[in-house]
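Structural characterization, general
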Amino acid sequence: MHWDALVDAAWEARDRAYAPYSKFHVGAALLGVDGRIFAGCNVENLSYGLTNCAERVAIGAAVAAGVTRFLGVAVVADTAVPISPCGACRQVLAEFGVPKVLLCNRDGRLEFALSDLLPRASAGILDRGE
Ligand code: THU
């Protein structure tokens, strides 16, 4: 997996973060199986609870463009330790089977399998044994 273009797109999207409340800017970029890149930034809301993380904004952009199969996602923030996606975003990434997650700060990158960040994401859900 060549991450460089994805990481660049994520940093670029981060510049557009709407984060007046936390002032914490995050960027994400997904690589579709067709090679297209879909980026997202966090979009906050006065209610706080309606905030959308960068990862879910990127998923929304891709799905709206008709892309639902992915090779990986890069997530970037200017933190001391590479950022880690929240549980809700892990579940949404799992919905679309995003296999790989690259977590980045200015200095480094950590690569994970999504299945390690969120084991058993869908085990048993909707399985009523009927
Ligand atoms: N945030 C993301 O966009 N992605 C993450 O992986 C972690 C957190 C956002 C949500 C909120 O706007 C701000 O960062 C602080 O939590």
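This section reports on the structure supplied with the text. Keep in mind it's a predicted model, so treat the numbers as computed, not measured.

All right, on to helix α1 (residues 4-14) then. The complete set of buried residues in α1 reads Leu6, Val7, Ala9, Ala10, Trp11, Ala13 and Arg14. On its buried face, α1 is in contact with β1 (26-32), β2 (37-41), β3 (70-77), β4 (100-104) and β5 (109-113).

If you trace the backbone, asparagine 42 turns up in the loop between β2 and α2 (54-64). Note on asparagine 42: relative accessible area 5%, which makes it buried. At a separation of 3.1 Å, a polar atom in the side chain of asparagine 42 contacts the main-chain amide nitrogen of valine 26. In this view, asparagine 42 contacts Ala17, Tyr18, Ala19, Phe24, His25, Val26, Asn52, Cys53 and Ala54; residues no more than four positions away in its chain are not counted.

Across the sheet, which stays open at both edges, the five strands sit in the order β2-β1-β3-β4-β5 with mixed pairing between neighbours. Strand pairing shows two members of the sheet lacking a second neighbour, β2 and β5, which therefore form its edges. On average, each strand axis in the sheet is inclined to that of its neighbour by 15°, with strand direction left out of account. Two strands pair when backbone bridges link them, and β4 and β5 are joined in this way by five bridges, in the antiparallel orientation. Bridging across to β5, leucine 102 finds its partner in glutamate 111. Along the sheet, α1 contacts β1, β2, β3, β4 and β5; its crossing angle with β3, the most-contacted strand, is approximately 45°.

Our next topic: the pairing of β2. Two strands pair when backbone bridges link them, and β1 and β2 are joined in this way by five bridges, in the antiparallel orientation. Paired with alanine 28 across the bridge in β2 is glycine 40. Linkage of β1 to β2, two consecutive antiparallel strands, is achieved through a turn of four residues, within which glycine 35 is found at a positive phi near 90°.

Turning our attention to unusual backbone geometry. Across residues other than glycine, the phi torsion is negative in most instances, and most of the peptide bonds are trans. One non-glycine residue, lysine 23, lies in positive phi territory at about 60°. Considering the arrangement of structural elements, one finds lysine 23 in the loop between α1 and β1. Here lysine 23 falls in the exposed class, since its relative accessible area comes to 63%. The residue arginine 120 is not glycine, and still its phi comes out positive at about 55°. The topology assignment puts arginine 120 in the segment after α4 (114-117).

Moving on, we get to the packing of aromatic side chains. Counted according to the given criterion, the structure contains two aromatic pairs. Each ring, one from tyrosine 21 and one from tyrosine 48, has its centre 5.7 Å from the other, and the planes form 40°; the classification is tilted. Taken together, the positions of tyrosine 21 in the loop between α1 and β1 and tyrosine 48 in the loop between β2 and α2 put the pair 27 residues apart, joining distant regions of the chain. Here tyrosine 21 falls in the partly exposed class, since its relative accessible area comes to 35%. Ring geometry for phenylalanine 70 and phenylalanine 96: centres 6.4 Å apart, planes at 80°, overall edge-to-face. A residue pair is termed long-range when its members are at least 10 positions apart, and phenylalanine 70 in strand β3 and phenylalanine 96 in the loop between α3 (87-95) and β4 qualify at 26 residues.

Rules and cut-offs
Each chain carries its own residue numbering, running from 1 in the written order of its sequence. Residues qualify for local features only when their pLDDT is at least 70, as the model is predicted, and side-chain atom pairs are given and counted only at 80 or more; totals for whole chains, interfaces and linings, by contrast, use all residues. Values shown for side chains rest on all heavy atoms present in the structure; no hydrogens or waters enter the calculation. Summary of the burial criterion: residues with accessible area below 20% of their type's maximum are buried, those above 50% are exposed, and those between are partly exposed, where the area comes from a 1.4 Å probe applied to protein chains only. Starting at the N terminus, helices and strands are each numbered in turn, a helix being any DSSP run of H or I of at least four residues and a strand any DSSP run of E of at least two. Whether two residues are in contact is decided by their heavy atoms, any of which lying within 4.5 Å being enough. For the purposes of these results, a polar contact is taken to be a pair of N or O atoms within 3.5 Å, where, inside protein, one atom must be able to donate a hydrogen and its partner to accept one; residues adjacent in sequence count only when each atom of the pair is a side-chain atom. Between any two strands, pairing holds if DSSP finds at least two bridges. Note on definitions: angles span 0 to 180 degrees between N-to-C directions of axes, and those axes are lines fitted to C-alpha atoms, for helices only across the stretch in contact. Any two of the Phe, Tyr and Trp rings considered here, Trp counted by its six-membered ring, make a pair once their centres fall within 6.5 Å; the pair's planes then place it as stacked at under 30 degrees, edge-to-face at over 60, or tilted in between.

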